[in-house]
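Each chain, letter by letter, is given below.
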Amino acid sequence: MCGIIGYIGKDKASKILLNGLKRLEYRGYDSCGIGVVDNDKLIIKKNVGKVEEVAEREGFLDVDGCVGVGHTRWGTHGFITKENSHPHTDCKEEIAVVHNGIISNYKELKEELIKKGHKFKSETDTEVVPHLIEEELKKFEEINEENYIKAVKNAIKKLKGTYALVIINKNFPNLLIGARNESPLILGIKDDSYFLGSDITAFLDYTNTAIPLEDGDIVVIKKKDNGYDVVIENNGTPVKREVMEINWDISSAEKMGYPHFMLKEIMEQPEVLKVSAKISAEEIKELAKCIKDYDRIYFVAMGTSLHAAMVAEYLFAKLGKLVIACDASEFLNKGVVDKKTLVIGITQSGETYDTLKALRFAKSKGAKTGAIVNVLGSTATRETDITVMIGAGIEIAVCATKTYTSQLMILYRLFIEYGKLLGRDMSRYEKEIDKIPNYIKEVLDKKETIKKIANNLKVNNYIFISKGINLASAMEGALKFKEITYLHAEGMSGGMLKHGTISLIDENMDTVAIVPPRNSSVFSSILSNIEEVRARGGKVIAITPVEIEGAENILVPEVIEEISPIVYAPAFQLLAYYKAVELGRDVDKPRGLAKSVTVE
Ligand code: GLU
């Protein structure tokens, strides 16, 4: 969840670490810190707050030295305090460690270490790591580079749970060590420097050559007079990992004049969708063939990606194929998996803990697996049989927008390919998906109207309703809204409303109705739901292709029902955005959230 970075090279580490932390801040952001070896001293600067503030207050850039580690925290163990911020150190304050993940056996390890005299300064699980290394190092008579590396490896062997770790030691300023198990860690390579990061944005300003590390990997980067030695080992055996050129452009990690990344990412959807309309053609065909050949199909996902999966359920049902959209965190409890099952994970980051866990479970039962992913080289892309990239580019705002519509675009293409395999005429859909970028532009052009409607929302409670394939839109609309406005919102089918929730409707509970196109069989039914709400004194905001009397209307293009979820999405994204801005929320970094959820 947090972001980690490590650097070894010839330049001022604190500057590179700070830049990387700013890039990574979207992953988690309750506190941050750096640790740098500066003239044989280990300098730690850390505190609670946003990267820029803490860096300024603590004077990150006052630190010289060419090797260091950095961290933005989204704490799992221990409150948000300076002491719990990373980096963490050993008793002698010689070793500094940053960590993403959860050390599940930290209690036992901590107890043992305390018995041996170690003094802990924080409540985190992470702090056991530097103490464990210190303890392992005591077992060697001679303290040299070789033995230190052995001590680190021995300490890592004792850890259980999930971790990406980056480690430095003031006595060995020529070494940067990284390790990963179920938390992402990528090695960045430049001629005269090396980086370790939770994702490539951490070092994309400097290089786009990278090696994604795999579970069980330990990398030791050693600076020598005439270059570097880099050794990656897995379970004690040296391994070669594939070097990748990542073609993401760092300018997409800049706001480009927009006040927030979220708005920029909403507005760039027409262009982004032109890419997702073309990318991964072969892989989509391969996945479509598997959907045809396998008996039982699951899409496993979390959050926004699960709503994309819900759209897939309705699409494939149109072609008579049952696919199940499943909350990945529940998949181990209810998934029925065998060799004839295909399990497709949808995950923006490719690192979503619950989705990876579901995919691993599926694999262990002999199922075929696929992944629909945005981040190249991420764990999901490496661990599944078929990877489909969505091509949305870097998404910085925590709240997913363009990656949702790009996922939908890929699912439409999958649906079309599957239909073709059945011998159906899918040309109608093919023509329509070509028009999606223009339809979306039409919705984006309504942004001033949407802003006015958003600013006119006065209550603290909202229900989003729809029917049919747009049930996913109601769920996603409510998620966007609550995520960044911090106002209560629930998404449900218009049918479900009557089974309890309608009792809440009054002047303090507004309803956002996502009205399906007129060609939909559920069009008139949602109109009845709107009437039911109005009859109880509830205000209605309608995202609709036709004017609804008595509602505040956000008019969207009239399209075929199947593609309406992608066309309607920018309308509810903008509604949430403008309301959050009006309330003064931290739109790009909503409280308590992180971009990729890499912990359970
Ligand atoms: N478990 C560590 C902590 O609570 C790291 C959490 C994270 O991955 O952000 O500090």
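Refer to the structure presented above.
Residues numbered from 1 in each chain as written. Predicted model: local features only at pLDDT ≥ 70, side-chain atom pairs only at ≥ 80, totals over all residues. Heavy atoms only, no water.

Undergrad: Can you help me understand the site of the ligand in this one?
TA: The environment of the ligand is formed by 13 residues, the closest being R73, T76, H86, N100 and D125. Residue H77 places a main-chain N or O atom 3.0 Å away from an oxygen atom belonging to the ligand. In isolation the ligand offers 300 Å² of accessible surface; the protein chains occlude 100% of this area. Ranked by residue count, the leading element in the shell around the ligand is strand β6 (residues 95–103), at 3 residues. For the shell around the ligand, a count of residues per class yields 2 nonpolar, 9 polar and 2 charged. (Near = heavy atom within 4 Å. Polar contact = N/O pair within 3.5 Å; in protein donor to acceptor, adjacent residues only side chain to side chain. Areas by Shrake-Rupley, 256 points an atom, 1.4 Å probe, with all protein chains shown as cover. Helix = DSSP H or I, 4+ residues; strand = E, 2+ residues; numbered from the N terminus. Nonpolar A, V, L, I, M, F, W, Y, C, P; charged D, E, K, R; others polar.)

Undergrad: What should I look at first to understand the sheet that holds strand β12 (residues 217–224) in this one?
TA: As a general point, the strands of a sheet are linked pairwise by backbone hydrogen bonds and lie either parallel or antiparallel. Reading across from one edge, β5-β6-β7-β8-β12-β13-β14 is the order of the 7 strands in this open sheet, with antiparallel pairing throughout. Only two strands of the sheet have a single partner each, and these edge strands are β5 (88–89) and β14 (237–238). Helix α4 (residues 128–138) rests against β5, β6 and β7 (161–169) of the sheet, and its axis sits at about 125° to β6. (Pairing = 2+ DSSP bridges. Contact = heavy atoms within 4.5 Å. Axes fitted to C-alpha atoms, helices over the stretch in contact; angles between N-to-C directions.)

Undergrad: Looking at this structure, I do not really get helix α11 (residues 353–364). What am I missing?
TA: The periodicity of an α-helix, 3.6 residues per turn, causes residues three or four places apart in sequence to face the same way. Helix length check: α11 (12 residues) gives 16 Å between terminal C-alpha atoms against 16 Å at 1.5 Å per residue, within 8%. All of the buried residues in α11 are Y353, D354, T355, L356, A358, L359, F361 and A362. The inward-facing, buried residues of α11 contact β7, β16 (296–301), α10 (331–334), β18 (341–347), β19 (368–373) and α12 (379–383). Of the residues flanking the end of α11, it is G366, one or two places downstream, whose phi is positive at about 90°. (Expected span 1.5 Å × (residues − 1). Buried < 20%, exposed > 50% of the residue type's maximum accessible area, 1.4 Å probe, protein only.)

Undergrad: I'm lost on the nonpolar core in this one. Help?
TA: Soluble globular proteins tend to pack their nonpolar side chains together in the buried interior. If you look at the biggest cluster of nonpolar residues, it comprises 123 residues, and the most contacted ones within it are F299, F316, I563 and I566. Per-element tally for this core: the top contributor is helix α19 (residues 564–582), with 12 residues. In contact with I563, other than residues within four places in its own chain, are Y412, E432, I433, I436 and Y439. Membership of the second largest hydrophobic core comes to 28 residues, among which are F120, L132, I149 and L175. (Core = buried A, V, L, I, M, F, W, Y, C linked by side-chain atoms within 4.5 Å.)

Undergrad: What should I look at first to understand the packing of helix α15 (residues 447–455) against α19 in this one?
TA: Following both chains from N to C, one finds α15 and α19 inclined at 50°, their axes separated by 8 Å at the closest point. The angle between the axes of α15 and α19 places the two elements in the oblique class. Once α15 is placed against α19, the crossing between them reads as right-handed. Seen from α15, the contacting residues are K447, I450, K451, I453, A454 and N455; seen from α19, they are A571, L574, L575, Y578, K579 and E582. (Parallel < 35°, antiparallel > 145°, perpendicular 65-115°, else oblique. Left-handed = near helix turned anticlockwise from the far one by under 90°.)

Undergrad: What should I look at first to understand the pairing of strand β24 (residues 540–544) in this one?
TA: Side chains on a regular strand alternate between the two faces of the sheet. Counting buried positions over the 5 residues of β24 gives 5, a clear majority of the element. Burial along β24 is two-sided: the face carrying V540, A542 and T544 and the face carrying I541 and I543 are both buried. For strand β23 (residues 509–514) and β24, the ladder comprises 4 bridges, and the chain directions are parallel. Residue pairing across strands places T511 opposite V540, the latter belonging to β24. One ladder, built from 4 bridges, connects β24 with strand β25 (residues 552–555); its direction is parallel. Bridge pairing in β25 links I543 to I554.

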